[in-house]
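Single-letter residue listing:
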Amino acid sequence: MITRDDCRALDERDPLAELRGEFILAKEEIYLDGNSLGPVTRGTQRRVNQVIEHEWAEGLVRSWNAAQWMDAPLKLGDRLAPLIGAHAGEVLVADTLTFLLAKIIGGSLELRPERHVIITDAVNFHSDLYIVAGMARLVGREIVVKTIDRNTLDEHLDEDVALVMLTQVDFRTGEMLDMAGITRAVHEVGALMLWDFAHSTGAVPLDVTSADVDFAAGCGYKYLNGGPGAPAFMYVAPRWQGVLRNPLPGWLGHARPFDFESTYESAPGMRAYVTSSPSVIALGALDGALEVFERTTMAAIREKSLALTDLFIELVEESLPGVFELVTPREHDQRGSQVALRHSNGYGIIQALIERGVTGDFRAPDICRFGFAPLYLRYVDIYDAVQILVEVMSSSAYLDTKYERRLAVT
Ligand SMILES: *Cc1c(COP(=O)(O)O)cnc(C)c1O
């Protein structure tokens, strides 16, 4: 049996332990939902205060020049690039994820004008499914969106496929896909590959360069801790820059926005994918949140992430044998940074846990989802969370009738 003292000993040896101090978290908070909304960092607090008090309050409209607000989406992209194995000039931070997916999907359909198929995963995040269908409707030629079982991708790949869009870590199960292998197979039939990194960035090491990825996009508010509704990011391989057009052009993606020309001429590089005014305060929040990542490496984060998820799985199976079905793969190379447990009373279980200080989330119809962010979680948090889960299950607290009505956000 693993004891709390064993976990405390792991915390003492944890090279990431001191980074917890960079997060503003209540002492008793056991937060297993950083995959849904990351907590506030001190870096974010400092940077947002600086933007408001100096750049905005003092600088006013002059800050567009003096504080280089126009360049913030690109500079922040450069700062984020190492987290996905990209280089400076290959990443843009703007909009939110669904919008950036729209830009990439629309643009890439123009790159394969003779092809008619987009492939995506039938159990992909609903927003990804909606936007891919929406963009397919708009392109002016017949496009079939095939929503497949991702394990059968090979059977569907042929010369009519324009684009494959997959989420690298599944939002429900936490299953992680082989980015390099799948990208290679997609390229073999001449199709383009778009990866959604919503549940990958800041949680698992990524290397878009060595995997030869065409396009990627990801979320700012999950493991990156950029704040509710934080701007998202997109990656365009250098070979596609200047080739992939922005299907949602706006003034700030123009080569000369302040010439107020009536015809559009795209700016070079990643600026081409800017549409409208950058959300400067929100960019500041994400900028500050990235500081803490620069004090460690994705390899160190990954090592601890696997240790935390292994520990959680082991403790749950040891203390609650047969109660849950483990949905997340046990194999390390197929696991992101979350653990999904299936139970028909999943909603009540999560609500009962939240009332007892352990925050996870519920994904319909029956998944209890727990995210593990190594920058601020301790091994003892995992131990304590499982003890509270045991209490919820053995007392049947999760069966309380008050959980029969679901809140709007689960
Ligand atoms: C969270 C998430 C989104 C939502 O992105 P928005 O920024 O709200 O548009 C989209 N896709 C996946 C896979 C996600 O996990």
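Procedures and definitions
Residues numbered from 1 in each chain as written. Predicted model: local features only at pLDDT ≥ 70, side-chain atom pairs only at ≥ 80, totals over all residues. Heavy atoms only, no water. Salt bridge = Lys/Arg side-chain N within 4 Å of Asp/Glu carboxyl O. Helix = DSSP H or I, 4+ residues; strand = E, 2+ residues; numbered from the N terminus. Buried < 20%, exposed > 50% of the residue type's maximum accessible area, 1.4 Å probe, protein only. Pairing = 2+ DSSP bridges. Axes fitted to C-alpha atoms, helices over the stretch in contact; angles between N-to-C directions. Parallel < 35°, antiparallel > 145°, perpendicular 65-115°, else oblique. Contact = heavy atoms within 4.5 Å. Nonpolar A, V, L, I, M, F, W, Y, C, P; charged D, E, K, R; others polar. Domains from an automatic or database assignment. Buried area = accessible area lost by both parts, 1.4 Å probe. Left-handed = near helix turned anticlockwise from the far one by under 90°.

Draft legend 1. Fine view of the pattern of salt bridges. Taken as a whole and judged by the stated rule, the model has 32 salt bridges. With a shortest N-O distance of 2.6 Å, Asp-121 and Arg-150 are connected by a salt bridge. Of the two residues, Asp-121 is situated in strand β3 (residues 117–121) and Arg-150 in the loop between β4 (144–148) and α7 (153–156); the sequence distance between them amounts to 29 residues. No difference in accessibility class separates Asp-121 from Arg-150, as the two residues are buried. A salt bridge links Arg-335 to Asp-310, with the shortest nitrogen-to-oxygen separation between them at 2.9 Å. Linking Arg-335 in the loop between β9 (325–326) and β10 (338–342) with Asp-310 in helix α10 (residues 298–319), this pair joins segments that are 25 residues apart in sequence. Asp-310 sits in the partly exposed class, given a relative accessible area of 28%. Overlapping salt bridges, with partners in common, bring together Arg-47, Glu-55, Arg-79, Asp-287 and Glu-294 in one network.

Draft legend 2. Unusual backbone geometry, seen in detail. For the peptide bond that leads from Ala-364 to Pro-365, omega is 5 degrees, which places it in the cis range. Its location among the elements puts Pro-365 in the loop between β12 (361–363) and β13 (367–371). A positive phi angle, close to 55 degrees, is found at Gln-68, a residue other than glycine. For Gln-68, the position within the fold is in the loop between α3 (63–66) and α4 (72–80).

Draft legend 3. Main features of the pairing of strand β5 (residues 161–167). A large share of β5 lies buried, amounting to seven of its seven residues. Here β3 runs beside β5; their pairing, made up of four bridges, is parallel. Paired with Val-117 across the strands is Val-161, a residue of β5. Across five bridges, β5 lies against strand β6 (residues 192–196) in parallel orientation. Pairing of Val-164 across the sheet is with Met-193, part of β6.

Draft legend 4. Looking closely at the environment of Ala-267. In this fold, Ala-267 is placed in the loop between β8 (232–236) and α9 (280–290). Considered as a pair, Ala-267 and Met-298 are 31 residues apart in the sequence and their alpha carbons are 32 Å apart.

Draft legend 5. Geometry of the packing of helix α1 (residues 4–12) against helix α12 (residues 379–394). It is at 7 Å that the axes of α1 and α12 come closest, and there the two elements cross at 155 degrees. The orientation of α1 relative to α12 falls into the category roughly antiparallel. Where α1 abuts α12, its residues Arg-4, Cys-7, Arg-8, Leu-10 and Asp-11 lie against Tyr-379, Val-380, Tyr-383 and Asp-384. Here the residues of the contact of α1 with α12 sort into five nonpolar, no polar and four charged.

Draft legend 6. Fine view of the domain arrangement of the protein. Assigned domains within the protein: domain 1 (4–16 + 297–404) and domain 2 (46–294). Taking the mean C-alpha position of each, domain 1 and domain 2 sit 30 Å from one another. The partner domain 2 presents 18 residues to the 24 residues of domain 1 that form the contact. Roughly 1,600 Å² is buried in total at the junction of domain 1 and domain 2, and carbon and sulfur atoms are behind 63% of that figure. The largest share of the area that domain 1 buries against domain 2 comes from Met-298, Gln-338 and Leu-375, three residues that together contribute 32% of it. Scanning the region where domain 1 abuts domain 2 turns up zero salt bridges. Among the secondary structure elements, those contributing two or more residues to the side of domain 1 that touches domain 2 are α10, β10 and β13.

Draft legend 7. Representation of the packing of helix α11 (residues 346–355) against α12. Put simply, α11 and α12 touch, their axes get as near as 10 Å, and they point 125 degrees apart. The pairing of α11 with α12 is recorded here as oblique in orientation. Crossing angle aside, the handedness with which α11 passes α12 is right-handed. The residues of α12 that touch α11, namely those facing Ile-349, Ala-352 and Leu-353, are Ile-388, Leu-389, Val-392 and Met-393. Class assignment for the residues of the contact of α11 with α12 results in seven nonpolar, no polar and no charged.

Draft legend 8. Structural context of the sheet that holds β9. Reading across from one edge, β9-β10-β13-β12 is the order of the four strands in this open sheet, with antiparallel pairing throughout. At either margin of the open sheet sits one strand with a lone partner, and together these are β9 and β12. Strands β9, β10 and β13 of the sheet are contacted by α10, whose axis makes an angle of about 25 degrees with β10. Helix-sheet contacts for α11 involve β12 and β13, and the interaxial angle to β13 is about 40 degrees.

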